[in-house]
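Coordinate inspection notes
Below are the chains, spelled out letter by letter.
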Amino acid sequence: MSKEVVLSGIRPTGFLHLGNYFGAMRNYVRMQDEYNCYFFVANWHALTTHPDTRELQNSVHRVIAENVACGLDPDKVALYVQSDVPEIAELYLYLNTMAYKGELEKTTTFKDKVRQQPENVNAGLLTYPVLMAADILIHRALKVPVGKDQEQHLEMARNFAERFNHRYGDILPSPQAFNFGNELVKIMSLDGNGKMSKSENQMNTLFLADNDDLIRKKIMKAKTDSGPTEANSVKPDYIENIFTLLKLVSNESVLQKFEADFNGCSIRYGDLKKQLAEDMVNFIRPIREKAADIQNNKPLLSKIIHQGAEKARASASATLTEVRKAMRLNY
Ligand code: AMP
Ligand code: TRP
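Residues numbered from 1 in each chain as written. Chains lettered and ligands numbered in written order. Predicted model: local features only at pLDDT ≥ 70, side-chain atom pairs only at ≥ 80, totals over all residues. Heavy atoms only, no water.

**Thoughts on the overall build of the protein chain**
Rules: A run of H or I in DSSP becomes a helix once it reaches four residues, and a run of E becomes a strand once it reaches two; helices and strands are each numbered from the N terminus. All radius of gyration figures rest on C-alpha atoms, and the globule criterion is 2.2 Å times the number of residues raised to 0.38. Remark: exposure states derive from per-residue accessible area (1.4 Å probe, protein chains only) relative to the maximum for the residue type, with buried under 20%, exposed over 50%, and partly exposed in between.
Counting its secondary structure elements, the protein chain contains 14 helices and 5 strands. Computed over C-alpha atoms, the radius of gyration of the protein chain comes to 22 Å, within 12% of the 20 Å expected from 2.2 N^0.38 for 331 residues, which places it in the range of a compact globule. Dimensions of the protein chain, computed from C-alpha atoms along their principal axes, come out at roughly 75 × 45 × 45 Å. A burial count over the protein chain gives 49% of its 331 residues as buried.

**Some words on the site of ligand 2**
So the rule is basically this: Proximity is defined per residue: any heavy atom of the residue falling within 4 Å of a molecule or strand makes that residue near it. Method for areas: the Shrake-Rupley scheme with a 1.4 Å probe, in which residue coverage is limited to the protein chains shown. Any residue outside Ala, Val, Leu, Ile, Met, Phe, Trp, Tyr, Cys, Pro, Asp, Glu, Lys and Arg is labelled polar, Gly included; the first ten of those are nonpolar and the last four are charged.
Taken together, 14 residues surround ligand 2, and among them Arg 11, His 45, Tyr 128, Asp 135 and Gln 150 come closest. For ligand 2, whose accessible area on its own is 370 Å², the fraction buried by protein is 88%. With 4 residues, helix α8 (residues 128-137) is the largest single contributor of residues to the shell around ligand 2. Of the residues contributing to the shell around ligand 2, the split by class is 8 nonpolar, 4 polar and 2 charged.

**A look at the site of ligand 1**
Quick reminder of the rule: The term polar contact refers here to a pair of N or O atoms within 3.5 Å; inside protein, the definition further demands a hydrogen-donor-capable atom paired with an acceptor-capable atom, and it admits residues adjacent in sequence only when both atoms are side-chain atoms.
Neighbouring residues of ligand 1: His 17, Gly 19, Asn 20, Gly 23, Ala 24, Gly 147, Val 185, Lys 186, Ile 187, Lys 195, Met 196 and Lys 198. With respect to ligand 1, the side chain of Lys 198 contributes an N or O atom lying 3.2 Å from an oxygen atom. Taken by itself ligand 1 offers 480 Å² of open surface, and the protein chains cover 75% of this. Of the residues in the shell around ligand 1, the class split is 4 nonpolar, 5 polar and 3 charged.

**Observations regarding the nonpolar core**
The cut-off we apply is this: To define a nonpolar core, start from buried Ala, Val, Leu, Ile, Met, Phe, Trp, Tyr and Cys residues and group those joined through side-chain atoms within 4.5 Å. Either an automatic procedure or a domain database provided the assignment from which the domain bounds are taken. Two residues form a contact once any of their heavy atoms are found within 4.5 Å.
Core analysis: the biggest nonpolar cluster contains 61 residues, and Leu 18, Met 31, Phe 39, Leu 206, Phe 243 and Met 280 have the highest contact counts within it. In terms of domain composition, this core takes at least three residues from each of domain 1 (5-184 + 297-327) and domain 2 (210-291). In contact with Leu 18, not counting residues within four places along its chain, are Ile 187, Met 196, Leu 206, Leu 245, Met 280, Phe 283 and Ile 284. Listed in part, the 43 residues of the second largest apolar core include Ala 42, Leu 104, Leu 126 and Ala 134.

**Brief notes about the pattern of salt bridges**
Rules: Note on definitions: salt bridges are taken to be side-chain nitrogens of Lys or Arg within 4 Å of carboxyl oxygens of Asp or Glu.
Scanning the model with the defined rule gives 17 salt bridges in all. Across the pair Asp 213 and Arg 216 runs a salt bridge, and its minimum N-O distance is 3.1 Å. Here Arg 216 and Asp 213 lie together in helix α10 (residues 212-220), a separation of 3 residues that amounts to about one turn. Classification of Asp 213 by relative accessible area gives exposed; the value is 56%. The closest approach of N and O atoms between Lys 325 and Glu 322, which form a salt bridge, is 3.9 Å.

**Examining the environment of Lys 290**
Within the secondary structure, Lys 290 sits in helix α13 (residues 269-296). Note: C-alpha distance between Lys 290 and Leu 320 (30 residues apart in sequence) is 36 Å. The residues touching Lys 290, leaving out its near neighbours within four places in the chain, are Val 68 and Ala 69.

**Comments concerning the side chain of His 45**
Looking at the element boundaries, His 45 is found in helix α2 (residues 43-47). When residues no more than four places from it in sequence are discounted, the contact partners of His 45 are Arg 11, Gln 82, Tyr 128, Leu 131, Met 132 and Asp 135.

**Focus: the domain arrangement of the protein chain**
Definition in use: Summed over both partners, the accessible surface that disappears when two parts come together, traced with a 1.4 Å probe, is what is meant by buried area.
Along its sequence, the protein chain is organised into domain 1 (5-184 + 297-327) and domain 2 (210-291). Taking only C-alpha atoms into account, the centre of domain 1 sits 35 Å from that of domain 2. Contacts between the two partners involve 9 residues from domain 1, matched on the other side by 9 residues from domain 2. For the domain 1 and domain 2 pair, buried surface summed over both sides reaches about 670 Å², with 85% attributable to carbon and sulfur atoms. By the criterion of area lost to domain 2, the three top residues of domain 1 are Leu 18, Phe 22 and Ala 69, representing 63% of everything that side buries.

**So, the side chain of Gln 32**
Relative to the helices and strands, Gln 32 resides in the loop between α1 (18-31) and β2 (36-41). A polar contact is formed between the side chain of Gln 32 and the backbone oxygen of Gly 71, at a distance of 2.9 Å. Not counting the four nearest positions on each side in its chain, Gln 32 is found in contact with Cys 37, Gly 71, Leu 72, Asp 73, Lys 76 and Val 77.

**Quick notes on the environment of Glu 322**
Here Glu 322 shows up in helix α14 (residues 298-326). With relative accessibility at 29%, the residue Glu 322 sits in the partly exposed group. Considering only alpha carbons, one finds Glu 322 and Leu 47, 275 residues apart in sequence, at a separation of 29 Å. Among residues more than four places away in sequence, those in contact with Glu 322 are Arg 140 and Ile 171.

**What to know about unusual backbone geometry**
Even without being glycine, Arg 140 reaches a positive phi, approximately 50°. In this structure, Arg 140 sits in the loop between α8 and β4 (143-145). In the Ramachandran plot, Arg 328 falls in the positive-phi region, its phi being about 55° despite a non-glycine side chain. Within the secondary structure layout, Arg 328 lies in the segment after α14.

As structure tokens, this is what we get:
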């Protein structure tokens with residue numbers, strides 16, 4: 001039996017952080033044996049908000065290198081750059097004739113962007129969900145691992161696929177958001193305000209590219225308080241988050257020691273943070289070093305990118321042949 005197709009895209013608009021790792025990349029790595037996986041860097045999407053292509057090129061290389069450093073195997077999955085697959089652009093063109101101005105203008109992410117960059121409300125922003133639908137439908141992917149904020153886009157992709165099928169014949173299957181249920185962790189910012197993110201809270205977000213000293217500095221500055229005064233208290237959010245990080249990167253015995261200290265009101269947050277800082281340094285360092293090695297090894301990077309493009313184009317052109325046939329565009 002052939003494996004189900006899984007696809008996801010990452011916008012290269014900043015440095016990847018611990019939230020991306022535990023919320024997305026770790027799960028991609030877990031899926032690579034069971035599914036037929038397509039993971040790509042959405043550089044066309046990035047152009048709608050980040051027109052500086054010099055910076056974009058670096059980011060694309062870094063995202064590819066970091067994904068491989070985190071354990072994605074380019075021999076198992078198709079890891080590619082969106083702009084290397086022109087078939088996506090052709091499908092985007094067809095799907096654009098099935099997307100209506102009204103529904104595009106109503107999309108939440110479009111309305112957010114109009115507010116954030118009123119000086120650059122380009123047509124690419126308006127049709128962002130159509131390009132995303134083309135990304136998915138070009139490989140006839142069924143499962144799309146994404147965060148909650150992308151669910152509206154997925155619903156639109158299903159609508160475009162259904163309209164296509166209705167007009168031209170049953171070719172494109174309906175993709176579903178793939179949820180990891182309880183396994184999906186949310187990594188909060190180190191000051192306890194919101195999530196770690198690419199663009200906000202830089203000193204409160206741990207990036208996979210941070211050096212050892214910066215990791216230590218950020219963790220030692222993480223918000224704590226004077227400690228619980230009653231045994232077995234409920235942890236405030238920002239303390240819970242430190243324990244979440246400890247659970248993800250430290251030994252079970254370390255976690256238990258600090259849990260017991262907390263419950264017995266003898267916890268010293270300075271010691272807790274020192275321990276977490278060392279364990280975090282040991283967790284991030286190999287990823288950072290491997291990513292840097294790959295990024296500096298231009299022949300290797302280029303091999304990975306070309307190999308990904310080849311796999312992605314084989315699948316994409318097979319779909320496009322069907323699409324053209326269905327649309328009677330196969331003269
Ligand atoms: P973004 O960086 O917002 O483009 O998100 C890329 C992926 O990482 C999505 O699947 C998000 O759900 C996930 N992600 C981003 N930030 C966090 C966070 N702080 N905690 C958990 N997952 C996250
Ligand atoms: N829109 C997604 C985001 O902002 C990135 C993306 C582009 C994507 N194309 C995709 C995600 C296709 C999944 C499938 O995170």
